[in-house]
Amino acid sequence: MFTLPIMIEQAVNGLVLGSMYALVATGLTLIWGTMKMLNFAHGEFYMLGGFGTYFGLMILGLPPWLVVPIAVFLIFIIAFILEKSIISPLMGKPGWDISTVVATLGAGIFLQNFAFKFWGGDFLNVPYMFDGVLRIWGMAFAWHRLYILALTLVVIITFWQIVKRTRFGLALRATAQDNEAAILMGIPFRRIYTITFGLSASLAALAGSALAPIFSVNPWMGMVPLIKALIVVILGGLGSFTGAILGGFILGLCESFSVLFLSSGWKDLISFSLLIIILVIKPSGLFGAKEW
Amino acid sequence: MLEVKDLQIYYGDAQALWDISIRVRPKEICTLVGANGAGKTTLLKAICGLVPVAAGKISLLGKDVKAVPANERVSLGLSMVPEGRKIFTGMTVEENLKIGAYVNKVWNRKEEFLGKNYDLFPRLKERRNQLGGTLSGGERQMLAIARALMSQPDLLFLDEPSLGLSPKFVDHVMEIVRSINDQGVTILLVEQNINIALGVAQRGYVLESGRIVMHDDAGALLANPHIKEAYLGM
């Protein structure tokens, strides 16, 4: 049973799952690091990414290379408007750390029910965007899974370059490290918040879009990724990008290998146990909260 | 250059500053001195837009800025070296400087201003790729000043630049302040250390428990019996 090909296949599956966790968790980290708030509507952007992909591919019949960027962009706009209308007015007001939690929870419930009204409660299936299977050394890898891995890598590297090299990235890091000092540099932190929120939602939407063919699409599909991403964020160290990305892959691999020993129903037990073990032996997470 | 009139500031329900009126003239070094807790930093923050103003007027380079958000005041030519430096510890020295040139009017010329700053602070050039958090206190102060200069301000605020530095280094910082002023930058220097401040400034304001109690030429203030007794221990 534990032959090398099976192990490798399982590793690829774990990395695919891990890409989803890494993308969703990176979005959470981005918001936590910059705005110091938790976004409980984050899973719903993942869900909208799934539905957008379903809608574009199945209802409108558009090709994937058109559907994915348009869906992600539309969700960026939705998140942008959401931040401006319900988060921004609360920021800096007394009790904002709690009021933004309530506001994002509310937005999440609204988006779930919006999707329910609009698309219904059925589990909708989306076909693989890339058909076929890569056969190599007696192993089989669905091209779509390899696409998810490649996409995640490209997105994470691009994202890192933006944070490290661009003017926006500098302003983002400055705002995250010391908001008041950033204002003194002339950085419009409100605008940075809004764009950050939009970018974070786009990462979740991209994950939802890429994984729609693997898990089916439904209004509540965002719950599990949100909870898993919270585990990843704590596992990797709150506020750490490296932690969010590596933590995502670690969790994905753990879950995927656990299937070899236990039935897949035990998967969540594995991730929560992992979380508890990390919290006991290293409460600051694997990578601490390093500044970026 | 800067005119503040009848400013009233509250921290919550408690009034922190009363009837503040100060004026900073073009090209001068003006100082605001007073004991710890007198309200000096609050006043600077209010002028920068970081602390809300209950009543009064702030005009910067002839423009009423009461309704201008803090970040936009930087584009108008105001720059501040905040208390405690507030450098970005997780960024390199060079990134710290680049972010100082964030505003539109200077961003495209940041490499040029970076070079100018490295000439003024060779130490920072040596440490350009080091993280801000690894610098010593004196180097951090240098970096904070250099960073504030990147936006090419007309008016520069310095909040307690001598704090935590060795006497020798304080002299060095004051030399730098003088040379920045020589290049045409107007300076408002906030200090607890009255001797140092009045040594470099032309004029000074004295802030006590939230009110301006005195203002005069630096020399006259140094000779004033109240200042001598209350601040210089003579």
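Structure shown above.
These figures come from a predicted structure and were not determined experimentally.

What counts and what doesn't
Residues numbered from 1 in each chain as written. Chains lettered and ligands numbered in written order. Predicted model: local features only at pLDDT ≥ 70, side-chain atom pairs only at ≥ 80, totals over all residues. Pairing = 2+ DSSP bridges. Helix = DSSP H or I, 4+ residues; strand = E, 2+ residues; numbered from the N terminus. Axes fitted to C-alpha atoms, helices over the stretch in contact; angles between N-to-C directions. Contact = placed C-beta atoms within 7 Å. Left-handed = near helix turned anticlockwise from the far one by under 90°. Nonpolar A, V, L, I, M, F, W, Y, C, P; charged D, E, K, R; others polar. Buried ≥ 20, exposed ≤ 12 C-beta atoms within 10 Å, placed from the backbone.

Draft legend 1. Molecular detail of the sheet that holds strand E8 (residues 186–191) of chain B. All names here are of chain B. If you trace the 6 strands from one edge of the open sheet to the other, you get E6-E7-E8-E3-E9-E10, paired in mixed fashion. Two strands close off the open sheet at either side, each with one partner strand: strand E6 (78–81) and strand E10 (211–217). Between one strand axis and the next, the sheet turns through 15 degrees on average, direction left out of account. Here 4 bridges tie E6 to strand E7 (residues 155–159), and the two strands are oriented parallel to one another. Within E7, the position partnered with Met80 by the bridge is Phe157. Sheet strands touched by helix H7 (residues 137–149): E6 and E7. Its angle to E6, the strand with the most contacts, is close to 175 degrees.

Draft legend 2. Main features of the packing of helix H3 (residues 93–100) of chain B against H7 of chain B. All names here are of chain B. Closest axis-to-axis distance for the H3/H7 pair is 7 Å, and the angle between their directions is 35 degrees. Crossing of H3 against H7: the hand is right-handed. Residues Val93, Asn96, Leu97 and Gly100 of H3 form the contact with H7, whose participating residues are Leu143, Ala146, Arg147 and Ala148. The residue inventory of the contact of H3 with H7, partitioned by class, reads 5 nonpolar, 2 polar and 1 charged.

Draft legend 3. Examining the environment of Ala25 of chain A more closely. Residues and elements named next belong to chain A. Looking at where Ala25 falls in the secondary structure, it is placed in helix H1 (residues 4–35). Judged by C-beta crowding, with 33 C-beta atoms within 10 Å, Ala25 ranks as buried. When the C-alpha positions of Ala25 and Gln161 are compared, they lie 18 Å apart, and in sequence the two are 136 residues distant. Not counting the four nearest positions on each side in its chain, Ala25 is found in contact with Ala229, Val232, Val233, Ala244, Gly247 and Gly248.

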